[in-house]
Structure formats: structure tokens, C-alpha cells
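Residue-level listing of the chains:
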Amino acid sequence: MKNRTLLVYACFYLAFLYLPVLVLPLFSFNNSAFIAFPLTGFTTRWYGALADSALQQALVNSLRVGIAAALLSTLLGLLAAKAVTRYRLKGRNAALGLISLPLFIPDIVLGISLLLLVGTMGLPLSLVAVMLGHLLICVPFSLAVLIARFEGFDRNLEEASADLGEDGWMTFWRVTCPLMLPGIVASLLLTFITSFDEFLVAYFLSGTEATLPVYIWSQLRFPARLPMVLALGTIILAVSVVLVVLAEKLRNQGVKKPMVGA
Amino acid sequence: MSFLAVSKVSKSFGGPAIVDAVDLSVERGAFFALLGPSGCGKTTLLRMIAGFETPDSGTITIDGAVMNAVPPNLRPTNMVFQSYAIFPHLNVFDNIAYGLRKLRLPGDELRRRVEAMLATVRLEGLGGRAADQLSGGQRQRVALARALVRQPKVLLLDEPLGALDKRLRETMQIELRAIQRKVGITFLLVTHDQEEALSLSDRVAVMSGGRILQIASPRELYERPNCREVADFIGEINFFHATVKGMSDGNVTVNAGLLGIVTLPSANVAPSITAGDHILLAIRPEHIRVGGQGVAGEIVTATFLGERSHFHVKIAGRTELVAVSGQAPSGKDVMLAFPAEKLIAVPTL
């Protein structure tokens, strides 16, 4: 009895979370330029309308920014995670707090400050500026994922490998790499998605080189373009879900129970 | 030349010496224990022998070869870590086979060796088990097998039983000893558990503050500690202040206050003691004869422990000591005898 109540609650909860999102794919296949019920028919023509050069340029911009931000923030996160987990550092907690702070600063504040900064330094608004802004947002995610990974990693494992006859390179290859790899891949996926979906900082810093979210925002001014935006949103949604699920799967893979005596 | 020799080895990490001019020699095939409280430098010494730390001075030789500049991966030692350090991404078989890669054995020879080692540590049939599905005792066995399969000249064990519960620890102690006899490899064990050190080893070095206090067989350590710290650290013991009156060959006469004038065999007297010294006389609780002819005392507490009883006794109204006896005396008043051949004399410091 009680279980059934909980089940109903859980269903409502999931519906509340995901029905609004599902409106996007639903209308993206609706054969009408107006977003309203009842649905008028099935079409894929809005997806055909995506073959637009400005859109494709925005997609390429977003991919470039996302890949660069993912690689750089994961590298920085890896170094910082190694430092805070492997060495006794003075000001360790202060450093961690400062690195994580951008998570709690509203993106619009971050976006405006970065705009002012770039302006006063006389730098051009560009994808490089967007990427640097995204680094601020992405590094905390990368750090969180990688610290968790390092902490589940007994330092003696690397020593045990040396003890069993392997040199530094083989130890990295046979022990460190396999144990850190799921964390590194998870960090790459998460930071890529974070950068790819980010709008506010990109809006302020991208100048004339729109990223995909900025492009979508610009298209919302034209009602006729709305179904096309829905189609695009559907694709982004699908890819995001796949990547996040993949990242979570990897992040949890091989995370072991606490070791006896460790 | 002993098999494993540590000579004048010192190590500090910037501050005071953690290991201070330690000399140690271990015979081939011995089961040797380094015993001491935590922070006494025993683990640092072990890690220097394994090659994870470099001595500031002194030399370490194994089977005649100086090890100081040899990195851990090229030393003829293997280690069982306190945390066991089982590779979590490998199963039991691959953990044990990890250190055999360099030998480039054919597949069935590798399999035969690993299976034989699984049998030695009594994990037959568990080769395919994932590392995270092992119990504490099984992890310990895998760590042992992984180190032994390389047939090291010296096996180093860092508190190997510390993470196990009491019952399992006792079982593993017996098994560890049996495995050592079977493989015949020199074992060097680090522990803070005196019972473990005494029951497992042929010889024990007691360490404190980075120095070695005494190296002896377990029996000798218990019966003839050479200083107060060793006497205190190994088992329970009672101390009395005393003064050496005279030494003749074979015997030493001391004025032991409450116990009167006592003559004890000089084998029971630490070598550094000379006539006129202020010393400590020590006796184990089980060596005090409760109900014997001697000093009158008053029982403060008596604890019945089954086959024996444990007493706290006051003598002369102040000195409190511990005695163990098979039969419980009746009443509060008790006579205690201190057999001279069981008294040990150690320096006061």
C-alpha cells in the first residue's frame, strides 16, 4: 500500500521533471509553424531546415570551444586534483574553495565581469574569450570528478607496482592510467557538455562568432524559425543526455568499496 | 656476512632523526620482527629496505649486494603493504601474476605458478574473483601471494595483520608462520603488536625513538630484557628500586628495599650494570609466588580469569604490583615470594 503511494509519487515527480522537456521533441515533429495543441500531423521538414550555413557555423564554433574547454579544464583539473590529494599543501581548502567559487557566482555576473575585463584589457570579443570564460565554469566540475577518483585510489598501489618490478612508465600504464581513465573521460564529457550548453558567458563574449546557444537565442526573434529551433533543441537534448549518461556510467565504473585498513 | 645487513642507517625528514644509526643483521631464511610503538621508525626502516625511501647515511646490503642506489623495482625484495594495495582493476589471478610479466613465461607456466601460489595461500579456485569481492582475510592472502610468487630474497611485511579482526588475526598468524617455513624465504615483519612479534618470529628487534633497544629471541626478550623500556613494552612487569651491593662471579647481590637483600644470577643482570649502581629489579606477574614465604601484602583487586586469577597487591601500604596465580587466596592478606632466579636487573634509564 505504502509502496504504491510512493510509486505514484515517483511517477508524478518524473513527469514534472521531464514532460516540459518532452514538449520540445513533440512539437519538433509537428506539421505546423504554430506551437499549439492539437497536433496537426507528422513532419521532419523542420529537421531539413537545419541545413543552414549560419547554424552550421555556430555548431562548429560551439564544438571548437567545447572541445578546447574540455581538454584544458580536464588537464588543469587533473593537475589540481593530484596536488590536493597527493601532497600536504598549505591553504589546500582555501584553494579548493576559490577554484569552486565560479559554480556559485551567477553566470550573468560572471558574464558581465568578463565582458568588462576583456573590454578594459582591449582584447577582442572572440571564441577564445568564450573558451577562457568557460574554463572558469568547467574546472570546478572537472576537479570534483577527478578528486573523487584520486581519493578512491590508494597511493600504495603505485608503490606496489614498483615493488613488483615495474618502472615509472609501466606503473603509469598498468596502474595509474586504468584507474584514472574513467575519471578523465567522465571529466572530458561533463566539461564539454557544460561548455556546449553554456549561454550567458558566450552571449557576452562571443562578439560576432555566435556559439550554438547564442545562435538559437538570436533565431527566437523570428516566429517562423521557432519549429526549426525546436528541432535543433531536440538534437542537442538527445546528444546531451547520451553524453551525461555515458559520463556518469564511467564515473562510477570501478569505484570500489572502501578498502580494508586503508 | 649476514643475509640482510643494515649498517649505521639514518634517516630524517627535515626534523629529528626518524631512524638513528640503526644496525641490523638478519640470517637467510629467518622470520625477523621489528617491534615498536607507532612512530618509532620501524616502517621507515622497512621502506628504506624496500627502496621507497633513501637513507641519509649508512648502507643496506642484501645477499652481499649494496642496495642503496637500487630503485625498488630492481630490488630482490617484495612487500606486503599495510593497506594490501590490491590492484582494484585486476582480478585475483592478474594481481598475483602482475609481477611476473618481466619473466615472459609461456602461458601455461604462468598459470601453473599462479595456481601453485593460490594453493599455498589457500585461495584455490578464486583466481577469477574481482578484487572488490574479497574479504579482509582474502585480500591479505592475495597481497602475500602476489609478493611471494616473485620469490624475493626478502619478504617485507608492514603490519600485515593490523587490519584484521582478532580471531582472523590469530588464524593468520599460524598460517603466516607455516607459509614462511614452507617457502623458506626470509621474512621481515614490522609490527606494534608484541604478541604477534613474539609468536611469529625467530628474532625480534625492539625499536624506540629511531633506535634499536635490543635484538634477541622472543624468549630472551621476555626473560632478559636489557632495559626498562623493553621490559615494559613486552608483556606486563613489576619494578622495584634497588642498589647493587656487590658482584662476584656468577652472582650479583642487590639491596632491594622491601624485598631485602637478594642475590641473583648475573645472567639476569643487564651487562651495563656495575657495583654501586642504582637499578630497577623487575619481575613478571606470573613469577611472583602468591602464598609463598616472603613479603606480606594486601589484595586491592582480584580478577578471576578462568584458569588463573589476576591480583593487584599493595605491599608496605603503598607499592602496588600485579601478580598472577592459579589458585585464589582467601582473604585480603597475602604472602608473596619473589624467586631470585626470576628477578631481572635493568638500568634505571
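Residues numbered from 1 in each chain as written. Chains lettered and ligands numbered in written order. Predicted model: local features only at pLDDT ≥ 70, side-chain atom pairs only at ≥ 80, totals over all residues.

Along chain B, the regular secondary structure elements total 8 helices and 19 strands. Referenced to the eigenvectors of the C-alpha coordinate spread, the extents of chain B come out at roughly 75 × 45 × 35 Å. Taken across its 349 residues, chain B has 42% of its residues classed as buried. Put simply, of all contacts in chain B between residues at least 6 apart along the chain, 64% involve residues at least 24 apart. (Helix = DSSP H or I, 4+ residues; strand = E, 2+ residues; numbered from the N terminus. Buried ≥ 20, exposed ≤ 12 C-beta atoms within 10 Å, placed from the backbone. Contact = placed C-beta atoms within 7 Å.)

This paragraph deals with the domain arrangement of chain B. A common measure of how large an interface is: the accessible area buried when the components associate. All names here are of chain B. Split by domain assignment, chain B resolves into domain 1 (4–229) and domain 2 (236–347). Inter-centroid distance (C-alpha atoms) of domain 1 to domain 2 is 38 Å. On the side of domain 2, 6 residues touch domain 1, which itself brings 5 residues to the contact. For the side of domain 1 that touches domain 2, the class distribution of residues is 2 nonpolar, 1 polar and 2 charged. (Domains from an automatic or database assignment. Nonpolar A, V, L, I, M, F, W, Y, C, P; charged D, E, K, R; others polar.)

This part takes up the interface of chain A and chain B. Residue-level contacts link 21 residues of chain A with 24 residues of chain B. Secondary structure elements with two or more residues in the side of chain A that touches chain B: α7 (156–163) and α8 (168–197) of chain A. Ranked by residues supplied to the side of chain A that touches chain B, first place goes to α7(A) with 6 residues. Class assignment for the residues of the side of chain A that touches chain B results in 10 nonpolar, 4 polar and 7 charged.

Of all hydrophobic cores here, the largest spans 109 residues; its most connected members are L34(B), A145(B), L188(B), L281(B) and A345(B). Counting residues per element, this core draws most heavily on helix α4 (residues 136–148) of chain B, which supplies 6 residues. Counting the residues that make up this core, at least three belong to each of domain 1 (4–229) and domain 2 (236–347) of chain B. Residues in contact with L34(B), not counting those within four places in the same chain, are K42(B), L45(B), L46(B), L188(B), L189(B), V190(B), A205(B) and M207(B). Counting 43 residues, the second largest nonpolar core, distinct from the first, contains A210(A), I216(A), M228(A) and A231(A). (Core = buried A, V, L, I, M, F, W, Y, C linked by C-beta atoms within 7 Å.)

Most of α7(A) is tucked away: 7 of the 8 residues are buried. Among the residues of α7(A), those classed as buried are N156(A), L157(A), E159(A), A160(A), S161(A), A162(A) and D163(A). Buried residues belonging to α7(A) abut α8 of chain A together with α1 (42–50) and β6 (77–80) of chain B. Downstream of α7(A) by one or two residues, G165(A) has phi in the positive range, about 100 degrees.

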